[in-house]
Amino acid sequence: IKKGEEGDGDGCANNLLPTAMLGRGALIKPWLPTEIKERRHWDISATERMDMLKDFVRFGLEHWGSDQQGVNQVRRFLLEWLSFLHRYVPVGLLEVLPQYMNHRPPNNMCG
């Protein structure tokens, strides 16, 4: 599942599936479970996204420690996660909803 509407598919709507795998969709949009639950497109602000990254770093440093090895671990996983997060295009920039994983912002927005 990569977008909220997929959570309403035949299997989920008819309770044929007890669970669904969010996979890469949740790496790109960590708020995807909320979108599915509330059945709406949720466009979180840049401040909320930055706060999410700050929390990730804070929790990582608490877990692995703030020594050089811990910082390297946090950096490694943060960069891995950012490789997914950069694919998110805010709903306001999209020409059509819903967003698919291969959608990018219009060319005139990137420069």
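Heads up: the structure comes first, above all this text.
Residues numbered from 1 in each chain as written. Predicted model: local features only at pLDDT ≥ 70, side-chain atom pairs only at ≥ 80, totals over all residues. Heavy atoms only, no water.

Engineer: Sorry, what's going on with the packing of helix α4 (residues 46-64) against helix α5 (residues 68-85) here?
Structural biologist: Between two packed helices, the angle of one axis relative to the other and the distance separating the axes together describe the packing. Packing of α4 against α5 leaves a shortest axis separation of 9 Å and a crossing angle of 150 degrees. Comparing the axis directions of α4 and α5 gives the class roughly antiparallel. For the pair α4 and α5, the sense of crossing is right-handed. Each of M52, L53, F56, V57, G60, L61 and W64 in α4 lies in contact with α5, whose residues at this interface are G70, V71, Q73, V74, F77, L78, W81, L82 and L85. Across the contact of α4 with α5, the residue classes break down as 13 nonpolar, 3 polar and no charged. (Axes fitted to C-alpha atoms, helices over the stretch in contact; angles between N-to-C directions. Helix = DSSP H or I, 4+ residues; strand = E, 2+ residues; numbered from the N terminus. Parallel < 35°, antiparallel > 145°, perpendicular 65-115°, else oblique. Left-handed = near helix turned anticlockwise from the far one by under 90°. Contact = heavy atoms within 4.5 Å. Nonpolar A, V, L, I, M, F, W, Y, C, P; charged D, E, K, R; others polar.)

Engineer: Got a minute to help me understand α5 in this structure?
Structural biologist: Structural remark: α-helix, 3.6 residues per turn; residues separated by three or four positions point the same way. Under the 1.5 Å per step criterion, the end-to-end length of α5 is 25 Å for 18 residues, consistent within 8% with the ideal 26 Å. Buried within α5 are the following residues: G70, V74, L78, W81, F84 and L85. Taken end-on, α5 shows its buried residues confined to a sector of 105 degrees, consistent with a single buried face. Away from its buried face by more than 90 degrees, α5 exposes Q68, Q69, R76 and L79. Buried residues in α5 make contact with α2 (24-28) and α4. (Expected span 1.5 Å × (residues − 1). Buried < 20%, exposed > 50% of the residue type's maximum accessible area, 1.4 Å probe, protein only. Arc of directions from axis to C-beta.)

Engineer: Honestly, the nonpolar core in this entry has me stumped. Any pointers?
Structural biologist: If you look at soluble globular proteins, the nonpolar side chains tend to sit buried side by side. Grouped together as the largest cluster of nonpolar side chains are 10 residues: I28, W31, I44, M52, L53, L78, W81, F84, L85 and Y88. Of all the secondary structure elements, the ones that give two or more residues to this core are α4 and α5. When residues in this core are grouped by element, the largest group, 4 residues, is from α5. Those residues in contact with I44, other than ones at most four positions away along the chain, are W31, R49, M52 and Y88. (Core = buried A, V, L, I, M, F, W, Y, C linked by side-chain atoms within 4.5 Å.)

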